[in-house]
Amino acid sequence: MNIFPWFQPIIEIASGRVAGYEALARTRNEKGEIVSAAQIFCDATRTIEERRDLDRHVRRQALEKFAGQQDNQFLTVNISPQWIDSLSNLDLLPTLEMLKDAGVSPDRVVIEITELNGDIERIRAFSERYRQEGVRIAFDDFGTGFQQLDRILAFRPDIIKLDMRMFRHGAQEHQKSALLQMVGDMGARLGCKIICEGVETPEEFFLALHCNASYIQGFIFDPALPEFVAEDAKCSQMNGLLNQHLDLAIDETTRRQWHAERLHSELIALRELLVSGGEGGLEAHHPDEDVLRFYICNRAGQQISPNYSYDLGIWQADDSVIGNNWSWRPYFYQLVGASDFERRVLRSSPYLDIATGERCYTLSLALDDTRVLLVDVKDRAKSKNQISSLISCHSDLMPALS
């Protein structure tokens, strides 16, 4: 078979340098065009042994060619759990032998575990065996199903590869930002670096930034190439994209800060009204248009007032929620535990309001020594740019109350 590796650059975000490559199998079609060889490894007319040997043939070529690259770059190679299951034992692993023959240090290689099938315990043992030799492990195509979480726990990858193509169809902006924040947080907590692959546009690049990604792989920089590129070949392009993101992020942050100042005035007015006149003085108060509702809790977290919402010029009171306990919410106990409790304003992470389906967040502040005011606020985009929903994943700065 005329099958051989090409190499797609993996770019480090912080430095802009080409930090590594993924080896991808290529072949020539009947017209002589270079195309992906992926279908060969799925060809049911070939035996597992034939497909495995072809895969190893490509892997060996890739390692031999990569051996001449700089020591600070890495190469990722794909291994299917199907090949792992076919190994008679884990004492003699073909890829480790290939590394020795090619003269490539194990710490420069990342094994990507692909597909969803395969015995989990077998994969875990396989991963540990490679890790003992200094080879890193990546979990490929994360995100196609939460059933993959058991595999994350089983073989504790060093790298998670997130395919950005999963966000191209169907997902709304707030869903994208929430999922990406979740993956980024999970990677940080597990000590995994994240490679976002399949990145094609500046918008997808910005999504990757908010996923806490360390590396970018995709057509926005390069497709798979027959030869390696200079280590600094993408630095200028990376800096341009980061500058574009910074300009957009600063603009959005400025808009949100202006909105935060407006809400600051709203909170002061509402607090003064409730402290001086109580809930009975609400009739003359017209809230900011982004206020969904407010309610009052005691310092133990128990709700002692109705939910008050303003609709069609009239305050509506929902008594059914009195007695609910919100002490377990971070924005409640962090406020009560703050040394400057009487001046602090805390903002929750964005969420979808169950009653209205709107994206919102909750502000909490002290009414007095014994009561806490909680205000649910609509989290509407401050600009039409996609960056708006991404920035909203992070806490806005709120000025302290005077």
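Right above here is the structure, for reference.
Chemist: Whenever I open this one, the overall build of the protein chain confuses me. Can you help?
Modeler: In terms of regular secondary structure, the protein chain is built from 10 helices and 16 strands. Residue burial in the protein chain is summarised as follows: out of 402 residues, 52% are buried. Long-range contacts, defined here as pairs at least 24 residues apart, represent 63% of the contacts in the protein chain between residues at least 6 apart. Accessible area for the protein chain stands at about 19,000 Å²; split by element, carbon and sulfur atoms hold 51% of it.

Chemist: Looking at this model, I keep getting lost on the pattern of salt bridges. Mind explaining?
Modeler: Close approach of charged atoms lets side chains of opposite charge pair. Counted by the stated rule, this structure contains 28 salt bridges. The shortest N-O distance in the salt bridge between D43 and R46 comes to 3.4 Å. On the basis of relative accessible area, R46 is assigned to the partly exposed category, the value being 24%. Between D290 and R262 there is a salt bridge, with the nearest N and O atoms lying 3.4 Å from each other. Separated by 28 residues along the polypeptide, D290 in the loop between helix 8 (235-277) and strand 10 (291-298) and R262 in helix 8 bring together distant segments of the chain. By relative accessible area, D290 is classed as buried at 3%.

Chemist: Can you walk me through the packing of helix 1 (residues 48-66) against helix 3 (residues 94-102) in this structure?
Modeler: Each pair of packed helices can be summarised by the angle the axes make with each other and by the distance between the axes. Put simply, helix 1 and helix 3 touch, their axes get as near as 9 Å, and they point 30 degrees apart. With respect to helix 3, the axis of helix 1 lies roughly parallel. When you trace helix 1 past helix 3, the crossing you get is right-handed. Packed against helix 1, whose contacting residues are R56, R59, R60, L63 and E64, the element helix 3 presents P94, T95, M98, L99 and A102 at the interface. Classifying every residue of the contact of helix 1 with helix 3 by side-chain character gives five nonpolar, one polar and four charged.

Chemist: What should I look at first to understand unusual backbone geometry in this one?
Modeler: Among all residues except glycine, the phi angle is most often negative; among peptide bonds, the trans geometry is most common. Non-glycine residue N212 carries a positive phi angle of around 65 degrees. Within the secondary structure, N212 sits in the loop between helix 7 (202-209) and strand 9 (215-217). Phi is positive for L312, close to 55 degrees, though the residue is something other than glycine. Positionally, L312 belongs in the loop between strand 11 (307-311) and strand 12 (314-318). On the accessibility criterion, L312 (79% relative accessible area) is exposed.

Chemist: Just checking my understanding: could you explain the pairing of strand 8 (residues 193-197) for this structure?
Modeler: Most of strand 8 is tucked away, with four of its five residues classed as buried. Direction of pairing for strand 7 (residues 159-163) relative to strand 8: parallel, over a ladder of five bridges. Looking at strand 8, one finds that L162 is bridged to C196. Pairing of strand 8 with strand 9 involves three bridges; the strand directions are parallel.

Chemist: Help me understand the packing of aromatic side chains, please; the structure alone is not making it clear to me.
Modeler: We describe a pair of aromatic rings using the distance from one ring centre to the other and the angle between the two ring planes. Inspection of every chain in the model, using the stated rule, returns 11 aromatic pairs. Ring centres 6.3 Å apart and planes at 50 degrees place the aromatic pair Y295 and W326 in the tilted group. With Y295 in strand 10 and W326 in the loop between strand 12 and helix 9 (330-336), this residue pair connects regions lying 31 residues apart in the sequence. A relative accessible area of 5% means that Y295 is categorised as buried. Among the aromatic side chains, those forming a connected cluster through ring pairs are F7, Y21, F66 and F228. When the ring centre of F341 is taken as origin, the NZ or CZ atom of R299, which lies over that ring, is 4.2 Å away.

Chemist: What is the right way to read the nonpolar core from this model?
Modeler: What tends to happen in soluble globular proteins is that the nonpolar side chains get buried as a cluster. Counting 54 residues, the largest nonpolar core has I111, C196 and F205 as its most contacted members. The biggest single contributor to this core is helix 7, with five residues. Leave out the neighbours within four places in its chain, and I111 touches V77, I79, T95, F126, Y130, V135, R136, I137 and A138. Judged by nonpolar contacts, the second largest core, of 19 residues, contains L267, L273, F294 and V375.

Chemist: What am I meant to see in the packing of helix 7 against helix 8 here?
Modeler: In contact at an axis separation of 11 Å, helix 7 and helix 8 are set at 75 degrees when each is read in the N-to-C sense. One finds that helix 7 runs roughly perpendicular with respect to helix 8. In this structure, helix 7 uses P202, F205, F206 and L209 to contact helix 8, whose residues at the interface are M238, L241, L242, Q244, H245 and L248. Its residues assigned to classes, the contact of helix 7 with helix 8 shows eight nonpolar, two polar and no charged.

Chemist: Could you clarify how one ought to interpret the pairing of strand 7 in this entry?
Modeler: Looking along a regular strand, one sees side chains alternate from face to face of the sheet. Along strand 7, five of the five residues are buried, which leaves the element largely enclosed by surrounding structure. The alternating pattern of strand 7 places I159, K161 and D163 and I160 and L162 on opposite faces, both of which are buried. When strand 6 (residues 136-142) meets strand 7, the two strands line up parallel, connected through three bridges. Bridging from a neighbouring strand, F139 pairs with I160 of strand 7.

Chemist: Please clarify how the environment of N212 should be interpreted in this entry.
Modeler: Judged by relative accessible area, N212 falls into the partly exposed class, the value being 45%. Measuring from C-alpha to C-alpha, the distance between N212 and D185 comes to 7.6 Å, with 27 residues separating the pair along the chain. Aside from chain neighbours lying at most four places away, what touches N212 is G184, A188 and I194.

Calculation rules
Residues numbered from 1 in each chain as written. Predicted model: local features only at pLDDT ≥ 70, side-chain atom pairs only at ≥ 80, totals over all residues. Heavy atoms only, no water. Helix = DSSP H or I, 4+ residues; strand = E, 2+ residues; numbered from the N terminus. Buried < 20%, exposed > 50% of the residue type's maximum accessible area, 1.4 Å probe, protein only. Contact = heavy atoms within 4.5 Å. Areas by Shrake-Rupley, 256 points an atom, 1.4 Å probe, with all protein chains shown as cover. Salt bridge = Lys/Arg side-chain N within 4 Å of Asp/Glu carboxyl O. Axes fitted to C-alpha atoms, helices over the stretch in contact; angles between N-to-C directions. Parallel < 35°, antiparallel > 145°, perpendicular 65-115°, else oblique. Left-handed = near helix turned anticlockwise from the far one by under 90°. Nonpolar A, V, L, I, M, F, W, Y, C, P; charged D, E, K, R; others polar. Pairing = 2+ DSSP bridges. Phe/Tyr/Trp six-rings, centres within 6.5 Å; stacked < 30°, edge-to-face > 60°. Lys NZ or Arg CZ within 6 Å of the ring centre and 35° of its normal. Core = buried A, V, L, I, M, F, W, Y, C linked by side-chain atoms within 4.5 Å.

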